Amino acid sequence: MAKQILIDHVFKVYGNQPEQALALVRQGAGKQDILARTGCTIGVFDASFTIEAGEIFVIMGLSGSGKSTLVRMLNRLVEPTAGRILVDDEDINTLPDAQLRALRRKDISMVFQSFALLPHVSVLDNTAFGMELAGMPKAERHALARQALEQVGLAAYGASYPDELSGGMQQRVGLARALACDPAILLMDEAFSALDPIMRSEMQSELLRLQQIKRRTIVFISHDLDEAMRIGDRIAIMKDGHVVQVGTPEEILRKPANEYVRNFVRGVDAAAVFKAGDIARKSQIVVSESPSRGSRAALSMLEEQDRAYAYVVNPRREFLGLVSAESLRNALDGHTGPLGLSHAFLPDVQTISADEPVAGLFGQVAQLPYALPVVAGDGSFRGAISKTTLLKFLDRDQKGQA
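- For the protein, an unreviewed UniProt entry supplies the name Quaternary amine transport ATP-binding protein and the organism Massilia aerilata.
- The annotation that UniProt attaches to the protein under Subunit (unreviewed entry) is "The complex is probably composed of two ATP-binding proteins, two transmembrane proteins and a solute-binding protein."

What follows is the structure in structure tokens.
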């Protein structure tokens, strides 16, 4: 089961006078001033945020920003100087060595940029290596290793050796080794950055696929903005040891915390990050199918507001269909009594999921005479996207990157 991680006022100071450096930090001294006065470097400065159970949380920053230090404190490969790190309410900084080793073996696995495979050992034994060090019997660890290799699509390569695999396949072995003990938390330190762009994209897709099969808490360090925006449920951006902003990709693009973040995310393809539900407009005429409001009332609304289309929902706001002034007139032609809106529905109306990336909408929106209805997973109507809406979004994105 995925676990929550709480980082509570965590500091990491490198140097021989950490207490003096912390005192200066609390007095408001800057990183360079502290280095000059104490010889200490602040690796992480008062980090406080929560990583929710089951999310992919990406940490970004330039070289030296503290991102790798922060992630290594989550399993105490690096010891925090101050603050608490709680895994499901258990403070790992207080764990005795035996319990810490058990936590690392059972609940927290790590995948590094380097594949770190043993060249003289088979893929199966490389995958089982951590369990072998833990003293697990051979038959049991091999069974778990085979399951992990199957998860990453390498079930047929257990008897192969690392030099017989491509770089992408070797990284899959590294991922299988981390998954073999079925960890609740997966720490990934620039795990895909050594791969070429095609392999990197494949591994990103593989990670998302595995997350659909079984949700784990994944903390992923990346320097690739497109990668972070693609896989991250939320992103933390670091600078000089500070966590400058934490938010969803959409939140960071919409409301960067400061000029540093704004410059950091400049150039990101917003159309690949924002979803249809993010830009859908609710300014269209929406009518509810009911005995008291039928085709005549809908036609009157359209004519009064000089609109061509109306979006029909039920009382639960679930999308039912689309009517036009013309379809309403045709349905009412020769009909004297009340007439339900369903009699005037346009045929073959296209809808789009609220989770669809904006980048995939251009062709569909361009060829439709009406604004494209956007529907959430529960069937509710989220609004519609017209050509004008899409052009305004693109114009704003381009201005933001200028």
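**A closer look at the overall build of the protein**
Turning to step 1, where the next piece is worked out: When helices and strands are counted, the protein shows 18 helices and 16 strands.
Turning to step 2, where the next piece is worked out: At 27 Å, the protein has a C-alpha radius of gyration far larger than the 21 Å of a compact globule built from 402 residues.
Turning to step 3, where the next piece is worked out: Overall, the protein is about 90 × 55 × 40 Å in size when its C-alpha atoms are taken along their principal axes.
Turning to step 4, where the next piece is worked out: Counting all 402 residues of the protein, 49% fall into the buried class.
Turning to step 5, where the next piece is worked out: Long-range contacts, defined here as pairs at least 24 residues apart, represent 66% of the contacts in the protein between residues at least 6 apart.
Turning to step 6, where the next piece is worked out: With the model as given, the accessible surface of the protein reaches about 19,200 Å², and the carbon-plus-sulfur share is 50%.
Turning to step 7, where the next piece is worked out: Taken together, the 44 basic and 48 acidic charged side chains of the protein have centroids lying 3 Å from each other.

**Quick look at the sheet that holds strand β3 (residues 56–61)**
Turning to step 1, where the next piece is worked out: One open sheet holds the six strands; their spatial order is β6-β7-β8-β3-β9-β10, and the pairing between them is mixed. One side of each edge strand has no neighbouring strand; the edge strands of this open sheet are β6 (108–111) and β10 (242–247). For this sheet, the mean angle separating the axes of adjacent strands, direction not counted, is 15°.
Turning to step 2, where the next piece is worked out: Both β3 and strand β9 (residues 234–239) contribute to a ladder of five bridges, which runs parallel. The residue bridging Ile59 from the neighbouring strand is Ala236, located in β9.
Turning to step 3, where the next piece is worked out: In the packing of helix α9 (residues 197–213) onto the sheet, contacts are made with β3, β7 (185–189) and β8 (217–221), and the angle to β8 comes to roughly 165°.

**What about the side chain of Lys67?**
Turning to step 1, where the next piece is worked out: Looking at the element boundaries, Lys67 is found in helix α3 (residues 67–73).
Turning to step 2, where the next piece is worked out: No salt bridge is formed by the buried Lys67. Its closest oppositely charged neighbour is Glu190, at 4.3 Å.
Turning to step 3, where the next piece is worked out: In terms of polar contacts, Lys67 uses its side chain to reach the backbone carbonyl oxygen of Gly61, at 3.0 Å.
Turning to step 4, where the next piece is worked out: A distance of 3.3 Å separates the side chain of Lys67 from the backbone oxygen of Leu62, its partner in a polar contact.
Turning to step 5, where the next piece is worked out: Excluding its chain neighbours within four sequence positions, the residues that come into contact with Lys67 are Ile59, Met60, Gly61, Leu62, Glu190, Ile221, Ser222 and Met238.

**Focus: the packing of helix α1 (residues 18–26) against helix α2 (residues 31–38)**
Each pair of packed helices gets described by two things: the angle between the helix axes and the distance between those axes.
Turning to step 1, where the next piece is worked out: Between α1 and α2, whose axes approach to 10 Å, the crossing angle comes to 145°. Considering the relative orientation of α1 and α2, their crossing is right-handed. Contact residues: α1 offers Gln20, Ala21, Leu24 and Val25, while α2 offers Ile34, Arg37 and Thr38.
Turning to step 2, where the next piece is worked out: When grouped by side-chain class, the residues that make up the contact of α1 with α2 number four nonpolar, two polar and one charged.

**Some words on the packing of aromatic side chains**
Turning to step 1, where the next piece is worked out: Tallying each qualifying case throughout the model produces eight aromatic pairs.
Turning to step 2, where the next piece is worked out: An angle of 75° between the planes, with centres 5.6 Å apart, marks the rings of Phe274 and Phe393 as edge-to-face. Separated by 119 residues along the polypeptide, Phe274 in the loop between α13 (270–273) and α14 (276–279) and Phe393 in helix α18 (residues 387–401) bring together distant segments of the chain. Considered together, Phe274 and Phe393 belong to a single accessibility category, that of buried residues.
Turning to step 3, where the next piece is worked out: Between Tyr311 and Phe381, the aromatic rings sit 5.4 Å apart at their centres with planes inclined by 20°, giving stacked as the arrangement. Here Tyr311 is found in strand β12 (residues 309–313), whereas its partner Phe381 is found in strand β16 (residues 381–385), with 70 residues between them in sequence.

**Some details on the pairing of strand β15 (residues 372–375)**
Turning to step 1, where the next piece is worked out: Of the two faces of β15, both are covered, the one formed by Leu372 and Val374 as well as the one formed by Pro373 and Val375.
Turning to step 2, where the next piece is worked out: Sheet topology note: the strand β14 (residues 352–353)/β15 ladder contains two bridges and is parallel. Following the sheet pairing, Ile352 is matched in β15 by Val374.
Turning to step 3, where the next piece is worked out: Across four bridges, the pairing between β15 and β16 is antiparallel. The residue of β16 that forms the bridge with Val374 is Gly383.
Turning to step 4, where the next piece is worked out: The antiparallel pairing of β15 with β16 creates a hairpin that spans five residues between the two strands, and Gly379 there sits at a positive phi of about 90°.

**Some remarks on the pattern of salt bridges**
Turning to step 1, where the next piece is worked out: Tallied over the full model, the rule gives 18 salt bridges.
Turning to step 2, where the next piece is worked out: A salt bridge links Glu79 to Arg76; the shortest N-O distance between them is 3.0 Å.
Turning to step 3, where the next piece is worked out: According to the relative accessible area criterion, Glu79 is partly exposed, its value standing at 37%.
Turning to step 4, where the next piece is worked out: Through salt bridges with shared partners, one network takes in Arg172, Glu206 and Arg209.

**What to know about the nonpolar core**
Here is a general trend for soluble globular proteins: nonpolar side chains tend to be buried in one another's company.
Turning to step 1, where the next piece is worked out: Within the largest apolar cluster, 72 residues are counted, with the highest numbers of intra-cluster contacts made by Leu175, Met188, Val265 and Ile385.
Turning to step 2, where the next piece is worked out: Here the element with the most residues in this core is helix α8 (residues 167–179); it accounts for six residues.
Turning to step 3, where the next piece is worked out: Excluding its chain neighbours within four sequence positions, the residues that come into contact with Leu175 are Val111, Val152, Leu186, Met188, Met203 and Leu210.
Turning to step 4, where the next piece is worked out: Counting 29 residues, the second largest nonpolar core, distinct from the first, contains Ala47, Phe57, Ala184 and Met238.

Rules of the game
- Residues numbered from 1 in each chain as written.
- Predicted model: local features only at pLDDT ≥ 70, side-chain atom pairs only at ≥ 80, totals over all residues.
- Heavy atoms only, no water.
- UniProt positions renumbered as here; feature names shortened; annotations may be inferred.
- Helix = DSSP H or I, 4+ residues; strand = E, 2+ residues; numbered from the N terminus.
- Rg over C-alpha atoms; globule rule 2.2 N^0.38 Å.
- Buried < 20%, exposed > 50% of the residue type's maximum accessible area, 1.4 Å probe, protein only.
- Contact = heavy atoms within 4.5 Å.
- Areas by Shrake-Rupley, 256 points an atom, 1.4 Å probe, with all protein chains shown as cover.
- Lys, Arg positive; Asp, Glu negative; His and termini not counted.
- Charge placed at Lys NZ, Arg CZ, Asp CG, Glu CD.
- Pairing = 2+ DSSP bridges.
- Axes fitted to C-alpha atoms, helices over the stretch in contact; angles between N-to-C directions.
- Salt bridge = Lys/Arg side-chain N within 4 Å of Asp/Glu carboxyl O.
- Polar contact = N/O pair within 3.5 Å; in protein donor to acceptor, adjacent residues only side chain to side chain.
- Left-handed = near helix turned anticlockwise from the far one by under 90°.
- Nonpolar A, V, L, I, M, F, W, Y, C, P; charged D, E, K, R; others polar.
- Phe/Tyr/Trp six-rings, centres within 6.5 Å; stacked < 30°, edge-to-face > 60°.
- Core = buried A, V, L, I, M, F, W, Y, C linked by side-chain atoms within 4.5 Å.

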